[in-house]
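Given next are the chains, with one letter for each unit.
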Amino acid sequence: LGDVYKRQLQDMADRALMFDQAYTPAPRTRPSFRTVLTGRLPYPAIQATNVAEVMRTAGFATAGVTANVHLVPRFGSNRGFDYWHFENSVDADVEIDRAKAWLSQNADRDTFLFLHLMDPHNFYRAPGSYKNRYVRGEPENIEITMNRWKVNSLQRAGKITQADKDYFLDRYDGEVAYMADELGDFLAWVYSLPGETLVVLQSDHGEEFWEHNGYEHNHTLYQEVVQG
């Protein structure tokens, strides 16, 4: 990570309340965020009042900026939000620019912002120098544009080599580094705003990189997929 942004994230962790035994209610995005926004288990959460509705009733301006296809209005993700912007799999810098613009436009109001960054997610195509920052070699049988179903199909056929696994994990690490730098920059800006600020950082699920002979998420309940 960039030194400045790494320090920003570490400074936040040092003064934050951290939950090191947190578990997602589901190993995938949609049900997980239903619980995040309502405090209810995924199925009851479908009809439950969410935090955006509560905040809007209290007079807050509310906004959501997302890049995941499971967080779209037809699934009810935008309930309670005055502003909701979805663009599938867009990079973090684009989402953060939108978040900054909305917060600036509402600088004279109390605000609640839900920002979901999609970057460390298949496909691992971090921008610029981040893309190959940690890559140690070339894959043998997989390509970076393969989705989880294709990769797992090759795994079942015994065609995934250690070089393939290393390549995907290295590309993933580049995505994480890019997102962390962007997030550190954004948080530094947020904390410079006047007034009181509460930031909650959390993940909707984890990823498996063959720890139990599978890849990505939404297929098991192993620790690497469900523990925050």
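Check the entry above for the structure.
Basis of the calculations
- Residues numbered from 1 in each chain as written.
- Predicted model: local features only at pLDDT ≥ 70, side-chain atom pairs only at ≥ 80, totals over all residues.
- Heavy atoms only, no water.
- Helix = DSSP H or I, 4+ residues; strand = E, 2+ residues; numbered from the N terminus.
- Rg over C-alpha atoms; globule rule 2.2 N^0.38 Å.
- Buried < 20%, exposed > 50% of the residue type's maximum accessible area, 1.4 Å probe, protein only.
- Contact = heavy atoms within 4.5 Å.
- Expected span 1.5 Å × (residues − 1).
- Salt bridge = Lys/Arg side-chain N within 4 Å of Asp/Glu carboxyl O.
- Phe/Tyr/Trp six-rings, centres within 6.5 Å; stacked < 30°, edge-to-face > 60°.
- Lys NZ or Arg CZ within 6 Å of the ring centre and 35° of its normal.
- Core = buried A, V, L, I, M, F, W, Y, C linked by side-chain atoms within 4.5 Å.
- Pairing = 2+ DSSP bridges.
- Axes fitted to C-alpha atoms, helices over the stretch in contact; angles between N-to-C directions.

Visitor: Got a minute to help me understand the overall build of the protein in this structure?
Guide: In terms of regular secondary structure, the protein is built from eight helices and five strands. N-terminal to C-terminal, the α/β element order of the protein is α-α-α-α-β-β-α-β-α-α-β-β-α. The C-alpha radius of gyration of the protein comes to 19 Å, within 12% of the 17 Å expected for a compact globule of 228 residues. Projected onto the principal axes, the alpha-carbon positions of the protein cover approximately 55 × 40 × 30 Å. The proportion of buried residues among the 228 residues of the protein is 43%. Expressed as a percentage of contacts within the protein between residues at least 6 apart in sequence, the contacts between residues at least 24 apart total 63%.

Visitor: Even after reading the chapter, I still don't get helix α5 (residues 92-105), so can you show me in this structure?
Guide: With 14 residues, α5 should reach 20 Å at 1.5 Å per residue; the first-to-last C-alpha distance of 20 Å fits that figure. For α5, every residue scored as buried is listed here: Ala 92, Glu 95, Ile 96, Arg 98, Ala 99, Lys 100, Trp 102 and Leu 103. Where the residues of α5 are buried, they touch β1 (61-66), β2 (83-86), β3 (111-115) and α7 (162-191).

Visitor: Is there a simple way to explain the pattern of salt bridges in this structure?
Guide: This model, assessed by the stated rule, comprises six salt bridges. A salt bridge links Glu 87 to Arg 98; its shortest N-O distance comes to 2.5 Å. You can see Glu 87 sitting in the loop between β2 and α5 and its partner Arg 98 sitting in helix α5, a full 11 residues away along the chain. By relative accessible area, Glu 87 is classed as partly exposed at 31%. The salt bridge partner of Arg 136 is Asp 166, with a shortest N-O separation of 3.6 Å. Here the residue Arg 136 occupies a position in the loop between β3 and α6 (148-156), and Asp 166 occupies one in helix α7, the gap between them amounting to 30 residues. With a relative accessible area of 60%, Arg 136 lands in the exposed category. One salt-bridge network, held together by shared partners, links Arg 136, Asp 166 and Asp 170.

Visitor: So what exactly am I meant to see when it comes to the packing of aromatic side chains here?
Guide: The geometry of an aromatic ring pair is captured by the separation of the ring centres together with the interplanar angle, meaning the angle of the planes. All chains considered together, the criterion is met by 16 aromatic pairs. Between Trp 84 and Phe 114 the ring centres are 6.0 Å apart and the planes differ by 10°, which places this aromatic pair in the stacked class. Separated by 30 residues along the polypeptide, Trp 84 in strand β2 and Phe 114 in strand β3 bring together distant segments of the chain. Assigned by exposure class, Trp 84 and Phe 114 land together as buried. These aromatic residues form a ring-pair network of at least three members: Tyr 124, Phe 168, Tyr 172, Phe 209, Trp 210 and Tyr 215. Lying across the ring of Trp 149, Arg 148 places its NZ or CZ 5.0 Å from the centre.

Visitor: I keep staring at the nonpolar core and nothing clicks. Help me out?
Guide: As a rule of thumb, soluble globular proteins bury nonpolar side chains together. If you look at the biggest cluster of nonpolar residues, it comprises 20 residues, and the most contacted ones within it are Leu 117, Leu 183 and Phe 186. Sorting the residues of this core by element identifies α1 (3-15), β1, α5 and α7 as the ones contributing at least two each. A per-element tally of this core places α7 first, with eight residues. Contact partners of Leu 117, with chain neighbours within four places excluded, come to Ala 92, Glu 95, Ile 96, Met 179 and Leu 183.

Visitor: Just checking my understanding: could you explain the sheet that holds β2 for this structure?
Guide: Within a sheet, adjacent strands bond to each other through the backbone by hydrogen bonds, running parallel or antiparallel. Taken together, three strands build an open sheet; the order of strands is β2-β1-β3 and the sheet is parallel. Each having just a single partner strand, β2 and β3 make up the two edges of the open sheet. Between one strand and the next, the sheet's axes are offset by a mean angle of 10°, whatever the strand orientation. Note: β1 against β3, five bridges, orientation parallel. Among the inter-strand pairings, Ala 63 is bridged to a residue of β3, identified as Leu 113. Against the sheet, α5 makes contact with β1, β2 and β3, and its axis sits at roughly 175° relative to β3, the strand it touches most.

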